Amino acid sequence: MTGAKDRMRQKKMKNQPRNVTYSGTGRGVERGQGSQVGGWVRGHQDGGQGYSQDLPKYITASHFANARAAEVNAMLKAVSKPAGSCHVFNALPKHMRRRAMSHNTKRLPIRLREGAQKLMERSQQTAEKEKKQTPKCKSRKARRRHGNLLLEFNRRQRKNKWLETHIWHAKRFHMLKRWSYCLPHKPTAKTFRSSYRAMNTHALLQDLSYFCCLELQGPEEQILRALGRLASKHTGPTFAAELFLSGARQGNLHLYRADQFPHGSLGPAEFLWRPRVPNTSDRQLWIWVHPALKPDVLSELLLVCQCSDVSSTSEEICTVEETLTGRKRKRDDEDGIDSPSKKLLGDGMRAAGTPVCWRSADTAITISDLTMEIVRYRLIGPLAHLVLTDTLQPANEDKETAEPSGFWWSNYSKDQTNMSVHQQQRGTFHLLRGLCSTGELPAGCVLGLTVEDPRLTLPKRCGKPVPDLQQSPDDDLVRDLVLRGVAAHCSDSVLWDASVRHNVTHNRMSEQELNRMRSEMLVPGSRLKAPPQARVPVLLVHQSGRVHGEDRRHWGSGWDLLLPKGWGMAFWIPLVYRGVRVGGLHMSVMHSQFKGQPHFPHDYPDCPAGTLFQSEQEAELIDKFKRRPPSKRTNYIKHGCLAPFRCPWQQLTEEWEELVKLSAETTSSCRTGPPEFTVLRSRTALRQLSAWCRPCSRGRQATRSVLTPEAAAALQREWGQSLIWVRLRLLCKGQPALHATVCVPTISDLQLLLKDSRSGGALEPLHKDHIKNMLKHKTRPTSKDFTSDLPKDGNEGLPVRLMRGVWPQPLPSVLSHCSRLTLGWVQKGDFSLAAGCGEALAFISVSGLLHMLLQQPQEQRGIVLLRNPSSLQYRYAQINIDI
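About the thresholds
- Position numbers for residues count from 1 along each chain, tracking the sequence in the order it is written.
- Note on the predicted model: pLDDT of at least 70 is required for a residue's local features to be given, and 80 or more for side-chain atom pairs to be given and counted; whole-chain, interface and lining totals, by contrast, use all residues.
- Think of the side-chain values as coming from all heavy atoms in the structure, minus any hydrogens and water.
- Secondary structure elements follow DSSP: runs of H or I of four or more residues count as helices, runs of E of two or more count as strands, with numbering from the N terminus.
- Accessibility here uses a 1.4 Å probe with only protein chains present; expressed as a share of the type maximum, an area under 20% marks a residue as buried, one over 50% as exposed, and anything in between as partly exposed.
- Here a residue-residue contact requires only that any non-hydrogen atoms of the pair lie within 4.5 Å.
- Residue burial considers only the protein chains on display, and all accessible areas are found by Shrake-Rupley using a 1.4 Å probe.
- Note on ring pairs: Phe, Tyr and Trp rings are taken, using the six-membered ring of Trp, and paired if centres are within 6.5 Å. Classes follow the plane angle, with under 30 degrees stacked, over 60 edge-to-face and the rest tilted.
- A ring has a charge above it when a Lys NZ or an Arg CZ is no more than 6 Å from the ring centre and no more than 35 degrees off the ring normal.
- Paired strands, in this sense, are two strands between which DSSP finds at least two bridges.
- We define the nonpolar core as a collection of buried residues of types Ala, Val, Leu, Ile, Met, Phe, Trp, Tyr and Cys that are connected through side-chain atoms lying within 4.5 Å of one another.
- Only the stretch in contact is used when a helix axis is fitted, and all axes are lines through C-alpha atoms; the angle between N-to-C directions ranges over 0 to 180 degrees.
- Angular relationships are summarised with four words: roughly parallel below 35 degrees, roughly antiparallel beyond 145, roughly perpendicular across 65 to 115, and oblique for the angles in between.
- Helix crossings fall into two classes, left-handed where the near helix is turned counterclockwise from the far one by less than a right angle and right-handed where it is turned clockwise.
- All residues other than Ala, Val, Leu, Ile, Met, Phe, Trp, Tyr, Cys, Pro, Asp, Glu, Lys and Arg, Gly among them, are scored as polar; the first ten of these are nonpolar and the last four charged.

Notes on the overall build of the protein chain
Within the protein chain, the secondary structure is distributed over 27 helices and 23 strands. For the protein chain, the proportion of its 883 residues judged to be buried stands at 46%. Restricting the contact set of the protein chain to residue pairs at least 6 apart, pairs at least 24 apart contribute 74%. Of the accessible surface of the protein chain, which amounts to about 47,200 Å², a share of 51% is contributed by carbon and sulfur atoms.

See below:
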């Protein structure tokens with residue numbers, strides 16, 4: 001109680017003047033603050049000692065007044081000059097105070113008005129300095145006006161560009177800001193299983209307009225000579241393959257820096273040649289790349305094509321369009337509307353000085369940046385072709401003589417050659433209804449087409465299209481389409497012409513005009529007549545789906561729909577009305593996982609974009625790990641997991657190569673400096689390893705290539721410092737997780753599997769946590785504390801950053817840290833709805849794989865162990881290399 005009484009007295013006496021010394025007895029005198037006779041504490045203290053309560057017998061008035069004069073003067077001074085936030089009217093008694101005195105000084109007594117007025121003026125000046133000039137908030141009606149909405153939308157696109165379907169997605173999806181775009185990630189509803197069923201039985205729709213398109217124009221020989229330096233024939237067909245050079249098929253390949261294969265990996269790309277145009281030797285090529293890959297690919301293209309002259313294509317587009325249409329196109333600043341209040345089409349937030357076109361005087365090659373100039377939608381599923389045939393209606397030939405000359409279709413339809421090709425394309429498009437599945441067509445076939453505005457045939461209700469068996473096309477023609485694909489001349493489209501694209505974009509019918517036409521119909525709900533500006537050129541590009549492996553062939557196939565910019569929502573809503581599911585970035589990752597293919601940039605550790613993604617993923621996983629309470633975090637040190645957040649691929653490949661060389665006693669051929677790791681993409685080497693990983697009996701061994709130490713050594717010398725992409729299927733129960741460890745099974749593990757095929761596997765012994773005691777004693781260790789486990793790399797004595805349950809850098813040996821040798825780590829893992837069991841996609845070391853296969857029996861080749869980062873249980877899995 002003594003401390004509480006002292007704090008109470010200090011609180012009461014904090015506003016009293018300190019220049020007054022109080023006389024008296026008691027505890028107050030000892031503290032230097034004094035008190036009157038009798039003290040300030042009521043009652044008696046413990047021990048029977050109390051304060052005197054007797055009054056003095058007499059006092060002298062003069063002496064008493066002199067003793068209290070200092071106190072009275074201090075009190076008057078404190079009342080007359082208020083400090084801090086005290087007001088003047090606080091000097092008044094409580095019964096005279098009024099609330100209006102704070103803003104009306106005339107309600108105060110005359111003697112206090114002057115001080116109150118000065119105090120009010122001072123507070124007003126302070127408020128004016130600190131007050132920010134905030135604009136007056138507009139009403140909701142003003143904010144919802146069309147012009148104000150466009151201004152607000154354009155302002156929000158300065159940092160992250162919007163797709164044309166952004167507003168539709170923002171109402172239904174969680175949005176992510178990635179690669180300078182605002183992209184849909186996951187739906188707000190639970191639609192994972194329904195989206196998988198759509199890919200498996202119907203169709204799934206995605207907006208891929210954020211992919212970047214780079215156009216190359218020039219002589220065919222010069223383009224092939226320049227692009228030949230960026231690709232290798234070892235990885236598959238290149239730009240010069242005759243199948244793709246004709247323009248009838250779309251190709252895909254892996255790009256490298258100029259003349260640096262197998263090092264200098266950039267990333268995957270898709271390319272499409274325009275069919276040869278008569279009477280010209282120049283060709284057009286579109287290269288589609290991921291936005292994270294665009295800067296690196298563009299710099300390499302400028303290098304190999306020797307392009308240095310920079311210019312803009314806006315003036316050329318206007319000139320070509322004037323020649324095509326016969327009239328001058330109105331510029332944005334001539335129509336009386338402020339350009340910022342207009343809707344942005346394409347990459348509208350691009351700076352005025354940003355180059356979009358590069359020319360080369362030596363090679364005569366022109367490179368154009370068509371980013372967001374072309375809208376790209378993807379339909380995935382076996383019935384994607386039915387959705388397209390039900391949504392798109394090929395344009396009819398206009399027989400009217402009086403037509404406006406400002407639209408591209410009026411001039412295009414006058415040429416009989418063009419209309420003959422259009423009729424053949426229309427017939428091929430109708431043949432798609434005779435297919436049972438989208439995967440029946442050849443991979444990558446392309447069909448050019450001119451269709452009518454799909455808003456004219458918008459159904460009244462949503463529904464899934466059903467194949468009409470009574471009006472099926474000719475079986476012979478459908479069979480010929482399945483075997484040969486689309487003819488090269490039917491793969492051409494006027495979508496390749498920049499002038500036509502701009503004409504179609506700027507002459508699109510508005511929703512207001514379309515609604516007016518509907519209101520003027522005599523029979524409500526009948527089909528509208530297509531006006532001349534309702535013809536849209538499109539390209540249909542077939543996606544092959546799963547083409548590697550033996551199971552689930554052609555799963556995930558579909559079509560890509562390419563449109564001119566500005567027509568995104570005009571085609572998006574009719575496609576949604578056909579009963580398709582809509583997916584985002586998450587479903588793109590899952591689609592690649594179900595197909596067993598790597599997804600960019602998640603599964604490309606040897607590319608700059610993949611390295612950047614791994615750094616961002618590591619930061620996200622560490623932040624998520626730290627948000628959990630310390631008692632709920634997984635102790636990865638005790639579980640023997642060295643890399644729960646990021647996989648040390650370089651260290652893994654170097655340790656495996658060193659181990660293989662030591663076992664083969666070839667130390668004399670050691671390199672002075674180990675090169676950076678690569679990912680094995682050679683078709684020949686992948687085919688060889690795929691055959692060796694399949695278990696077989698001794699009788700069937702003669703029918704396939706034999707794994708010998710000599711053959712393994714030859715492959716080791718060429719690709720020993722590489723990683724290989726594999727698909728792992730669990731043989732028993734289990735669900736693999738991200739960054740699960742792939743290990744080499746011991747002889748006892750294989751014998752246990754032979755005895756019991758449903759065995760769960762062995763257990764990893766619990767490891768000792770060396771860092772727990774250091775964190776408990778708050779010591780800052782260095783790498784010398786882990787010299788028994790760390791590799792000898794000259795890092796001894798460096799300070800180490802500690803995190804409870806996580807190994808600090810530098811890591812010890814990742815190869816032999818656990819009881820089983822480490823082969824690699826899982827990039828994606830989960831229960832596969834397509835396979836009906838646990839599946840994982842991982843990278844493993846080529847040297848480690850060859851070392852393991854040489855030691856395993858023929859009937860158990862390709863058996864590995866899998867262990868999740870937060871578990872000690874090993875699971876058996878079978879390696880599959882799809883090629």
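Examining the environment of Tyr577
Along the chain, Tyr577 falls in the loop between helix H19 (568-576) and strand S16 (581-582). Sequence separation of Tyr577 and Cys462 is 115 residues, and the distance between their C-alpha atoms is 4.5 Å. Contacts of Tyr577, omitting those with residues within four sequence positions, involve Leu458, Pro459, Lys460, Arg461, Cys462 and Gly463.

As for the packing of aromatic side chains
Under the criterion given, the structure shown has 24 aromatic pairs. Seen from their ring centres, Phe153 and Trp162 are 5.5 Å apart, and the 50° between their planes marks the pair as tilted. Overall, the relative accessible area of 9% leaves Trp162 in the buried class. For the pair Phe625 and Tyr636, a centre-to-centre distance of 5.8 Å together with 40° between the ring planes defines the contact as tilted. In this pair, Phe625 is assigned in helix H21 (residues 608-627) and Tyr636 in the loop between H21 and helix H22 (649-664), connecting sequence segments 11 residues apart. Like Phe625, the residue Tyr636 is buried in the burial classification. A network of ring pairs unites the aromatic residues Trp649, Trp725, Trp825 and Phe843 as a single cluster. One Lys or Arg, Arg376, reaches over the ring of Trp288 and ends 4.6 Å from the middle of that ring.

As for the sheet that holds strand S3 (residues 181-187)
The 3 strands lie next to each other as S1-S3-S2, forming an open sheet whose pairing is mixed. Strand pairing shows two members of the sheet lacking a second neighbour, strand S1 (161-162) and strand S2 (173-178), which therefore form its edges. In this sheet, S3 lies alongside S1 in parallel orientation, the contact comprising 2 bridges. Each residue of the ladder has a partner; that of Trp162, found in S3, is Cys182.

What about helix H13 (residues 384-391)?
In terms of burial, H13 is largely enclosed, as 7 of its 8 residues are buried. Of all the residues in H13, the buried ones are Ala384, His385, Leu386, Val387, Leu388, Thr389 and Thr391. In the core, the buried residues of H13 are packed alongside strand S12 (374-380), helix H15 (416-431), strand S14 (535-543), strand S15 (558-564) and H19.

Quick look at the nonpolar core
Ranked by size, the top nonpolar core spans 51 residues in total, and within it Leu689, Ile724, Leu728, Val742, Leu849, Ile879 and Ile881 carry the most contacts. No other element matches strand S18 (residues 722-730), which puts 6 residues into this core. When neighbours within four sequence positions are excluded, Val742 is seen to be in contact with Leu728, Leu821, Thr822, Leu823, Gly824, Trp825, Val826, Ala842, Ile844, Val864, Leu865 and Leu866. Judged by nonpolar contacts, the second largest core, of 46 residues, contains Met419, Leu431, Leu481 and Val582.

Considerations on the packing of helix H8 (residues 192-201) against helix H20 (residues 585-595)
At a closest axis distance of 12 Å, the pairing of H8 and H20 adopts a crossing angle of 55°. The angle between H8 and H20 places the two elements in the oblique class. The handedness of the crossing between H8 and H20 is right-handed. Across the interface between the two elements, Phe192, Ser195, Tyr196 and Met199 from H8 touch His586, Met587, Met590, His591 and Phe594 from H20. Class assignment for the residues of the contact of H8 with H20 results in 6 nonpolar, 3 polar and no charged.

Structural notes on the sheet that holds S16
Sheet architecture is open: 6 strands sit in the order S13-S14-S15-S12-S4-S16, paired in mixed fashion. The open sheet is flanked by strand S13 (446-452) and S16, the only strands paired with a single partner. By the bridge criterion, 4 bridges tie strand S4 (residues 204-207) to S12 in an arrangement that is antiparallel. Opposite Gln206, over in S12, you have Arg378 as the bridge partner. Packing against the sheet, H8 makes contact with S4, S12 and S16, and its axis sits at approximately 105° to S4. Strands S12, S14 and S15 of the sheet are contacted by H13, whose axis makes an angle of about 35° with S15.

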